[in-house]
Every structure is written in C-alpha cells, then in structure tokens.
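A structural walkthrough
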There are 2 protein chains.
Amino acid sequence: MALIGALRAIVGNNHVATGIDGHAALGDIRGVYRGRALALVTPGSVAEVAAVVRECVKTRTPIVVQGGNTGLMGAATPDDSGRAIVLQLGRLNAVRNVDTDNDTITVEAGCVLQQVQDAARACGRLFPLSLGAEGSCTLGGNLGTNAGGTQVLRYGNTRDLTLGLEVVTAEGDIWHGLRGLRKDNTGYDLRDLYIGSEGTLGIITAATLKLYPLPVGYHTGLLTFVDLEQAVAFLSVARQGWGAALTAFEVMSGRALQLVAADAGLRPPFLPHVEDDAWYALLELSEGGEGGGGERFEQVLGLALEQGRLVDALIAQNESQRLAMWQLREHGISEAQAREGRNIKHDISLPISRLAPFVADCASALERHYPGVRVIAFGHLGDGNLHYNVSAPAGCGHAGFLAQEEGIHRVVYDCVQSHDGSISAEHGIGQVKRDVLPYYKTCLELQLMQRIKAALDPLNLLNPGKVLATGTERRPLQPLLDFEVNS
Amino acid sequence: MALIGALRAIVGNNHVATGIDGHAALGDIRGVYRGRALALVTPGSVAEVAAVVRECVKTRTPIVVQGGNTGLMGAATPDDSGRAIVLQLGRLNAVRNVDTDNDTITVEAGCVLQQVQDAARACGRLFPLSLGAEGSCTLGGNLGTNAGGTQVLRYGNTRDLTLGLEVVTAEGDIWHGLRGLRKDNTGYDLRDLYIGSEGTLGIITAATLKLYPLPVGYHTGLLTFVDLEQAVAFLSVARQGWGAALTAFEVMSGRALQLVAADAGLRPPFLPHVEDDAWYALLELSEGGEGGGGERFEQVLGLALEQGRLVDALIAQNESQRLAMWQLREHGISEAQAREGRNIKHDISLPISRLAPFVADCASALERHYPGVRVIAFGHLGDGNLHYNVSAPAGCGHAGFLAQEEGIHRVVYDCVQSHDGSISAEHGIGQVKRDVLPYYKTCLELQLMQRIKAALDPLNLLNPGKVLATGTERRPLQPLLDFEVNS
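Treat the numbers as computed from the prediction; the structure is a model and nothing was measured. (Residues numbered from 1 in each chain as written. Chains lettered and ligands numbered in written order. Predicted model: local features only at pLDDT ≥ 70, side-chain atom pairs only at ≥ 80, totals over all residues. Heavy atoms only, no water.)

1. A few points about the overall build of chain A
Each helix and strand counted, chain A has 15 helices and 18 strands in total. Whereas a compact globule of 487 residues would reach a radius of gyration of roughly 23 Å, chain A reaches 23 Å, a difference of no more than 12%. For the C-alpha atoms alone, the extent of chain A along its principal axes is close to 75 × 55 × 45 Å. Here chain A holds 487 residues, and the buried ones make up 62% of them. Contacts spanning at least 24 positions in sequence make up 71% of the contacts within chain A whose residues lie at least 6 apart. Averaging the locations of the 41 positively and 53 negatively charged side chains of chain A gives two centres separated by 7 Å. (Helix = DSSP H or I, 4+ residues; strand = E, 2+ residues; numbered from the N terminus. Rg over C-alpha atoms; globule rule 2.2 N^0.38 Å. Buried < 20%, exposed > 50% of the residue type's maximum accessible area, 1.4 Å probe, protein only. Contact = heavy atoms within 4.5 Å. Lys, Arg positive; Asp, Glu negative; His and termini not counted. Charge placed at Lys NZ, Arg CZ, Asp CG, Glu CD.)

2. Considerations on the sheet that holds strand β12 (residues 217-225) of chain A
Residues and elements named next belong to chain A. Taken in spatial order, the 7 strands make up an open sheet running β15-β12-β14-β13-β17-β18-β16, and their pairing is antiparallel. Each end of this open sheet is capped by a strand with a single partner; those strands are β15 (312-315) and β16 (347-349). For this sheet, the mean angle separating the axes of adjacent strands, direction not counted, is 20°. Pairing of strand β13 (residues 246-253) with strand β17 (residues 374-380) involves 3 bridges; the strand directions are antiparallel. (Pairing = 2+ DSSP bridges. Axes fitted to C-alpha atoms, helices over the stretch in contact; angles between N-to-C directions.)

3. What about the sheet that holds strand β18 (residues 385-391) of chain B?
Residue and element names in this part refer to chain B. Spatially, β15-β12-β14-β13-β17-β18-β16 is the arrangement adopted by the 7 strands of the open sheet, whose pairing is antiparallel. The open sheet is flanked by β15 (312-315) and β16 (347-349), the only strands paired with a single partner. Taken over all neighbouring pairs, the strand axes of this sheet differ in orientation by 20° on average, direction set aside. Sheet contacts for helix α10 (residues 319-340): β12 (217-225), β13 (246-253), β14 (279-287), β15, β17 (374-380) and β18; angle to β17, the most-contacted strand, approximately 150°.

4. Some thoughts on the relation of the copies chain B and chain A
If you rotate chain B by 180° and push it 0.0 Å along the axis, it lands on chain A with an RMSD of 0.0 Å. Overall, the copies show the geometry of a two-fold rotation axis. A shared binding surface is used by both copies, with 100% of the interface residues of chain B retained as interface residues in chain A. (Least-squares fit on C-alpha atoms with pLDDT ≥ 70 in both.)

5. As for empty space enclosed by the protein
Across all of its chains, the model carries 5 cavities of 30 Å³ or more by this definition. In this structure, the second largest cavity occupies an estimated 470 Å³ of space. For the second largest cavity, the lining is made up of 37 residues, of which Gly243, Ala244 and Ala245 of chain A together with Ala244 and Ala245 of chain B are closest to its centre. For the lining of the second largest cavity, the elements supplying multiple residues, two or more each, are α5 (152-155), β11 (212-213), α7 (228-242) and β14 (279-287) of chain A together with α5 (152-155), β11 (212-213), α7 (228-242) and β14 of chain B. (1 Å grid on protein atoms, 1.4 Å probe; cavity = no way out; pocket = protein on both sides within 12 Å on 5 of 7 lines; lining within 4 Å. Points joined across faces, edges and corners; volume = space filled by probe spheres on them.)

6. Considerations on unusual backbone geometry
Residues and elements named next belong to chain A. Here the phi dihedral of Arg60 falls at roughly 55°; this positive angle occurs in a residue that is not glycine. When you line up the elements, Arg60 lands in the loop between α2 (46-59) and β3 (63-66). Using a relative accessible area of 43% as the deciding quantity, one classes Arg60 as partly exposed.

7. Quick notes on helix α3 (residues 113-122) of chain B
Residues and elements named next belong to chain B. All of the buried residues in α3 are Leu113, Val116, Gln117, Ala119 and Ala120. Along α3, the residues classed as buried sweep out an arc of 165° about the axis, all on the same side. Check the buried side of α3 and you find it contacts β5 (95-99), β6 (104-108), β7 (125-126), α4 (139-144) and β10 (203-210). Gly124, located one to two residues past α3, shows a positive phi value of around 75°. (Arc of directions from axis to C-beta.)

8. Details of the pairing of β14 of chain B
Residue and element names in this part refer to chain B. Most of β14 is tucked away, with 9 of its 9 residues classed as buried. Pairing of β12 with β14 involves 9 bridges; the strand directions are antiparallel. Of the residues in β14, the one forming a bridge with His219 is Leu285. Of the pairings in the sheet, the one linking β13 to β14 comprises 7 bridges and is antiparallel in character. Bridge pairing in β14 links Leu246 to Leu285.

9. Brief notes about the confidence of the model for chain A
Residue and element names in this part refer to chain A. Here chain A averages 93 in pLDDT, and 96% of its residues register 70 or above. Per-residue pLDDT stays below 50 along residues 472-477; that stretch engages in 15 contacts with residues further than four places along the chain or on separate chains. Scored by ipTM, the complex comes to 0.95, with pTM at 0.95. (pLDDT = per-residue confidence, 0-100.)

10. So, the packing of α7 of chain B against helix α11 (residues 355-369) of chain B
All names here are of chain B. Look at α7 against α11: their axes get within 9 Å of each other, and the N-to-C directions meet at 160°. Considering the angle they form, α7 stands roughly antiparallel to α11. Judged by the twist between their axes, the crossing of α7 over α11 is right-handed. Residue-level contacts link Leu228, Glu229 and Val232 of α7 to Leu355, Ala356 and Val359 of α11. When grouped by side-chain class, the residues that make up the contact of α7 with α11 number 5 nonpolar, no polar and 1 charged. (Parallel < 35°, antiparallel > 145°, perpendicular 65-115°, else oblique. Left-handed = near helix turned anticlockwise from the far one by under 90°. Nonpolar A, V, L, I, M, F, W, Y, C, P; charged D, E, K, R; others polar.)

11. What about the interface of chain B and chain A?
If you look at the interface, chain B gives 86 residues, while chain A gives 87 residues. Of the roughly 7000 Å² buried between chain B and chain A, counting both surfaces, carbon and sulfur atoms make up 52%. Together, Lys183, Asn185 and Tyr188 of chain B form the three largest contributors to the area buried by chain B at its contact with chain A, with a combined 15%. If you look at where chain B meets chain A, you find 12 salt bridges. Close ionic contact of Asp383 of chain B with Lys183 of chain A constitutes a salt bridge, the shortest N to O distance being 3.4 Å. Summed over the shared surface of chain B and chain A, the number is 48 residue pairs in polar contact (both at pLDDT 80 or more). Of all the elements in the fold, those that place two or more residues in the side of chain B that touches chain A are α5, β9 (174-177), α6 (190-194), β11, α7 and α15 (443-456) of chain B. Of all the elements, α15 of chain B adds the most residues to the side of chain B that touches chain A, at 9 residues. (Buried area = accessible area lost by both parts, 1.4 Å probe. Salt bridge = Lys/Arg side-chain N within 4 Å of Asp/Glu carboxyl O. Polar contact = N/O pair within 3.5 Å; in protein donor to acceptor, adjacent residues only side chain to side chain.)

12. A word on the packing of helix α1 (residues 2-11) of chain A against α2 of chain A
All names here are of chain A. The N-to-C vectors of α1 and α2 enclose an angle of 170°; their axes lie 9 Å apart at closest approach. One way to sum up the angle between α1 and α2 is to call them roughly antiparallel. As for how α1 packs across α2, the hand of that crossing is right-handed. Here Leu3, Ala6, Leu7, Ile10 and Val11 of α1 lie close against α2, whose contacting residues are Glu48, Ala51, Val52, Glu55, Cys56 and Thr59. Taken together, the residues that form the contact of α1 with α2 break down as 8 nonpolar, 1 polar and 2 charged.

13. Some words on the nonpolar core
Within the largest apolar cluster, 190 residues are counted, with the highest numbers of intra-cluster contacts made by Phe234 of chain A together with Phe234 of chain B. Aside from chain neighbours lying at most four places away, what touches Phe234 of chain B is Leu223, Phe225, Trp242, Phe249, Leu283, Leu301, Ala304, Arg309 and Leu310 of chain B. (Core = buried A, V, L, I, M, F, W, Y, C linked by side-chain atoms within 4.5 Å.)

14. Focus on the side chain of Thr169 of chain B
Among the secondary structure elements, Thr169 of chain B is positioned in the loop between β8 (162-168) and β9. Exposure remark for Thr169 of chain B: the relative accessible area of 1% places this residue in the buried category. Not counting the four nearest positions on each side in its chain, Thr169 of chain B is found in contact with Leu444 and Leu448 of chain A together with Val53 and Tyr194 of chain B.

15. Topic: the environment of Thr18 of chain A
All names here are of chain A. Its location among the elements puts Thr18 in the loop between β1 (16-17) and β2 (39-41). Owing to a relative accessible area of 36%, Thr18 belongs among the partly exposed residues under this scheme. With near-sequence residues (within four places) excluded, Thr18 lies in contact with Ile4, Arg8, Leu38 and Ala39.

16. Notes on the packing of aromatic side chains
All names here are of chain B. Across all of its chains, the model carries 16 aromatic pairs over all chains by this definition. With 5.5 Å between their ring centres and 50° between their planes, Phe225 and Phe234 make a pair best called tilted. For Phe225, a relative accessible area of 0% puts it in the buried group. Ring centres of Tyr413 and Tyr440 lie 6.0 Å apart, and the angle between their planes is 75°; this geometry places the pair in the edge-to-face category. Residue Tyr413 is located in helix α13 (residues 405-418), and its partner Tyr440 is located in helix α14 (residues 437-440); the two are separated by 27 residues in the primary sequence. Tyr440 carries the same exposure label as Tyr413, and that label is buried. Taking the ring centre of Tyr218 as reference, the NZ or CZ of Arg322 above it sits at 3.9 Å. (Phe/Tyr/Trp six-rings, centres within 6.5 Å; stacked < 30°, edge-to-face > 60°. Lys NZ or Arg CZ within 6 Å of the ring centre and 35° of its normal.)

17. Considerations on the side chain of Asn463 of chain A
Residues and elements named next belong to chain A. With respect to the helices and strands, the residue Asn463 is situated in the segment after α15 (443-456). Residue classification places Asn463 among the buried positions, given a relative accessible area of 1%. In terms of polar contacts, Asn463 uses its side chain to reach the backbone carbonyl oxygen of Ala75, at 2.9 Å. Setting aside chain neighbours within four positions, we find Asn463 in contact with Ile63, Val64, Ala75, Glu198, Gly199 and Thr200.

So, in structure tokens, the structure goes:
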C-alpha cells in the first residue's frame, strides 16, 4: 500500500507497524472498546508528525492520536473500519526547556506526567497536575482531555496550567504557539480551543506549562461531617481560614468508606467507626516558605470543632500517615469497589451549592426507577466534581444489572442536568458519552461545535466520530425522566 | 428606514437614537477614532439583543457592540461608512445571582466593574478584577478584551475568572452557557473563544464569575532594586516566601519615578531619592483569615535585605500610606507623563526571564534609530506585562516626534518579537493594532483565526474590521529592522 511506504519513508521502517490486530493500542484500558487500524505509527519529531498528517490528507486516511492510552472515554481507540492509522506520540518525550525565572516548563506531548512533575521538582518547582494515572498517562492526553485531578481547587485544570501550545493542524501545518506569557491578547484563543478537543481539531505536540513554588510541607487531615451539607459549608470556612494554602478538599460518603472498612486487607488502622450517612473529607494544606502552616491548620480546625462545624478531625502526624490517607482516597475505595464487581460509573460536576440537593434527589430517583441499587460517591468537593458510582442491589445478578446501564446513566444525567451540572467533569466525551451528549447540550451548542470542527478539520480526518457524531446533525431528544431539565 | 422602525418596535422608541453624528458613542476615549452609525440602540434584555441581531441579519447591517467605551484600541468605535448600528449594553446591568456556597456571581454585560466588586463585597467575597477604569468600564468590555489589571499575578485575567457565558450569536440565537462549574469537559471550549474576541464572534450578554475570600488586610511596600534584573530575581523570592498571598508585584523604572519626583504637585512625601537606573516595585500581600501576614511580610523582606537581594524597602504603616503608594503607581506616573505631552505607548508582555534583556535591547535599538528619545516603563512584573512609553527627545518639536509613531512602534514590537513577547498584553487589538498584527503572527495563525471568524460570523456582521482586516487575506511582511524575529 502506497501510504504505508510513504509513512515508512517519513518515520523509518521500525516506526510503522502493520498487521497489528491484537495490539494493545487498538483497545482501551477498561477493555470496553476495541478497533482496527491500518498501522501504528510512532513519529520521532514534530516535523515527522506534520509529514505523516500531510500523507494522510492525500489518501483521506483518518488519524487517531494516542498518548498513554489511559483515558476512560474510548477517545484514543480507533473504530472498527480499519481505515485509520493510530499515531502514538510516546517518542516525543523531551523536556525541551525549564525557565525558573519565568516559572515555566516546555515539554513534548509524549512525556509521561510523572516525568514532568520530576523535571519540575529537580529545579525546585512544582508542576501541580496530579491524578491516579500519572505514572503512565502523557501530557498530550492530559491536554487533549483537559485533565483535572486532586489539585484543581488551588491550581486549576490542565487548561489553567497551560500558557502555550505547539499543534499540527489537520492539513499538516505546524502552529508554533509555545508562548510563555501570562498576558497575551492578540486575537482568538486558539490554545483553549485545542485543549480539551480530544484530538479532533489538531494534534498537540508540545506545551509550555506553568510552574509553582514547591511546598515545603503538607498538613493533612481526615474530617468527619454529619452530612454532605455540613461538608459543603465547611469549604467556605476552609477557604476563608487557609486561603490558597488549601490545596485539596476531597470527599467520601460513609457508604464509600464502609466498603473499605469491611475489607480487612484495605482498612487503614486510623479509620474511625464509619457512619452510614456521615460524609468524610480529606483536607490538605500546602505549606510555602513562610512556615507556621501546622499551627494555622490546627487553629482553624479547633475553632470549627468548638463551633460544631464538623464532628471530628484526625490529623496526620507524619508522612506515612499522610500517604495512608491519600491511599484511602485514591486507591482504597476503587479497590474495594472492584472486589465487589463492576459498577456503573459517572464522572459529573455540579455547582458546589447544588451538590447536596443533587445527591438527595438522585438517590431517590434511582430508588424509584431501580429499587435497591447502592450508590458509592466520592470526589473533589472543592471543584464540585463527584465520582458517582452505582452498584447492583444486594443479591442481584450482575449481568442483569449491567444491562440496565443506559437507563441508570439517564437517571443520573437527567438529575445532573436538573441541577445545572455537567455529565463529564474531567474525563471528556470520547465515544462513551458521544451519543448522550445531544441530550444535554442545546442544538445551538452542538451546531457551534460542528462549525468549529468543519472550520479546523474540513476533511474530518482527526479522530473522527469522537466527541461529535460524524456526518449527522444530531438533535437533542426529550429527557426520559421526570426532572425539570434546563435547556 | 425599515430597519430603524423594526428596531424601535423591539427596544422601544426611546432606545433607538438616530441622527447622532456628534455623539460620544461614535468616538473613542483617547479622541483618536471617530466613526458614523445609523443608530445607537440600547436594548433592555437579552431577548431584545437577539431580536436586534436578527433584524440586522435581514438587512446585512453591521453591529458594533459597546460597553463603557473605555477601551484604548478603538474596538468599540464604528468605521466611517455609517452603515453599522452601535449596540450599547449599559441597560443590561442586573446582578442576576450571587451564590456564596459556589463562590460565583452572575452578572449582565452592562454592569460597571465596580458594581460587580461592590456586589461581591456586600456578600463578604472578593471579585478580584481591578483596573484603572473600574468606575466606568463594563464587564462586557472586560470579557470582550480579556482585561488584565493589577491582580493577575494571583487571580488571573478575566478569562481565568470566568466560568460561564451567555452569548447572542451572529444569527441572533442565544447560547445559554451560564454554567457555574469548575470542571466541565463536554466538548469544545466555546467560552474562551468568545472571551477576548472583541465583539467579533458573538455578543456576550452575561457571565458567571468566580469569587474569592475577602482579604482581611493588606501589607504593602515600595521596594528599591539596583536594576531590573534584581527586581525580576526578587519575584522568585517573593513567590517562595509568600506563596499565593502575594497579590501584586508592580514595577516602575527610575525614570518613571523621576518624572513624578520632579513635579511638586504629584510627589508623595514618602518617595525616596530616585536613582536614574534603579527600579522600584510596589509589592502587596493580601492577608486571609489566618492572620500573621504582617510578620511574614517583614520577615521575608528583612532576610532579603540582609542577603543583598534588594536595596531598600519602605513599608506602608497605615491605609492612607498604602493608598498613596497605589496612587503613585496607578495615577502619579500617568499624570506626570500627561503633563509632559503625548507619548507613544506600548502595552506589551514578555516571558519574565526576558524582561531585563528586552529593556536593554530595546533602549539601544531606539537610541540607534531615534536618538534622544526617552523611555518611561512601568507595569505588572509578575505577569511580564510592561507599559512601555516613548517620549520625545528633550527640545524636540512634538508634532515631528508623533509623526515617527509608526516607526517607533516597529522598533519596539520587533524587539518584543525577538524576545518571544506579545505586542498586546491586556488591551487587545481593535483597530489600533489590526494592521500590525500580520507582522507578528504567522500566516497559519491568521488563517486559523479567519476560519473561526467565518465559521461563527459567516456574514461578517459583528464588529467588522476589528482584530482582523476585512476581506483580504493578509500576509506577514518582512520586519523593518535588524532583530532576529522568531516565526
């Protein structure tokens, strides 16, 4: 095939693999999607990426860009037509520059997130993006999905951490937008258009990112609240008391912690008796060079306890206790859930003021439509982001439960919509949520997105069929359920 | 004229003014631009804005949207064809909602910035956008130009403070995007595309904005540095020592302060003897609920003085001294300059690590091409943003000097470009910089912008001729001067 020969001439024989039907790059990490592809192409430079795209334009070959392949939305998995190439950017993994006076780092898209964190730390700086997959996800994927994680409350999403981009366009041109500027008002914001577009508008090959002072210490506590309302109300107390030093406010429902508590292999020794309806929060203060953080941490908590603004506070006394608290939040709950069997997951966000009403309304809606299902909720309270997972009723056959997946999604998403929330907080749309998106976006918004897609990728070669359905103008459908849906 | 009748039917007779040749809305605040218009239309609701746009679509009438008309780039002034209407949004001035649990405020585009600051303060919150024109500029204009100001170091530009938008499109549809969400990854980032587009892609009618805890106090100092390098190096010290409590780091060159010192009516009593080559900085720490800020402020400054990292530090002892320091920075320099006669202004930004090399290079380039000109520089060091003003050589005729304006701009902008900077940090492009933009953007970037403009405003009715030249595909020209220009 002429295309394969041309691609080999560009990137070298060793970097174009064909006959790859069983290859890991053709499936997603959850094992839900599997596609086919003409070839797996691994370019070694931005110029090679651009040349590959220009070849694909000639033959109208779709391009599915892939980083660490850790995404949960199937955005990096090709369809089963076998017409696309998978463009894997792992070889573009140079840290091009660290500028400590400007507090910026310029990295290529194939850098693993942890590599970027380490390069920053080696220069006495913090690159604050932090999430579960940081040991294998790449910056290109973080940018493509506008990744969030545990430090968003203080430092923002990937979008907020990015000053400049280098992008290969759908025609194979290179946009040199690697600016290290905090202020630049010279025309339309192309940068933020490419960020979060999941490889459908252009191929991000490098980025200039913000760095921050490295904290000199952390103060971490596990707090118990009567209910979610009380936890939400405590966010104001924490923000007023600690300001920007507050870098994490993660919540876990009593039910989520009970799952961990019930498992002897997972239960940490410090875990208090877990109440069914209580909510728990992991709070962390990052201490800068100024010192005094521990004292301030305890002062605010002490006063709040006196005032009855929380039930209990357990403070990590050393680094290993701190890590154990994070382990509980980041791995304990997921592990305990996994041992129970697959559940139906939702990555949603709400205005913080609507978190508690949403949780109450959604629980009763689920009970009405799917009696007996159990909800395991936890997430980033400071960002209004819940991971809201629904498990089978006790004793219910698993296959039968999973067959209800679409209906359960609709109950949850309709309830999210009725509380002005988002059906995808930090994971993106990919293929998983592509076909429900038209239920929760207006015709106008979908049409504006389609126009932008057509303007920047007129041949529809970049990750076609992701985010937006291909070819058809989709219309929003009527919501299934009995919520008042805001349009 | 049928259009005028239709507009009157929509907004009421009192809100369509015709025969307005001398009207203030047809000129810009600097008195540089003056245009003509069919009518000045002042709608009272978003629905009226949308209906006005739909009428203008029928007759292909251009629409120039205007807020407080305080912009410096001529973006809100119509051209002299007289074909456009000016759409003034001042009647859309409701604060629709304050949500203290979510820390957001939803306001209409015609709200004056100060009104938004006041509404936030009334609820015990800070809306941190702050700039000289805050008593008369409107949020719509702040959004349209992605305004910056004095608090960007800590809180970001208008873009960073915005969670959601309501926008009337070029077809007169209403995009209901007023989301109060910190995380929302459901498709392309329309919000950031409209922000900073200067009324050329859509008409922003309302926004949901972030609020922050109200500082309980400030600690402010005027610092003296040997030179700009030393001031830049101190930013790292300040960020490490004070973290996010550092909310302002404004610099003023010795020459800028000498202008003020030489004027008995402007010179504040605390002003030290001003050295020609020294640089001065106004630093401010905002104190949250935790207290102890004054002590930390003095500790870090004391240690830095011992280590020779600055020459002197004058600390404001009370609120009136603090305000006098801000007065010096925000008004003193501008006043002193104004009394000298008009100068040639540049609002530029650079990577912070390139500020000092830029200032040295640009001074020698100006001296080479325009011997004797004097540079008055000051600005937001923490954001890499300089206001870089060039005055006539002593004794030079003023008219003769101003005739050199274009050439002086080119010297400065070419030097900015050679140091990877931006020719518009916070003021936008409008008409003032529209025709120099193609010198400093690649063909590709201009083309991507043109495609987006055509996708969202296919009839080119929204503020035509602003940001991008109308009708022609402009190509970058060769730089005039002897810098190595990065493409």
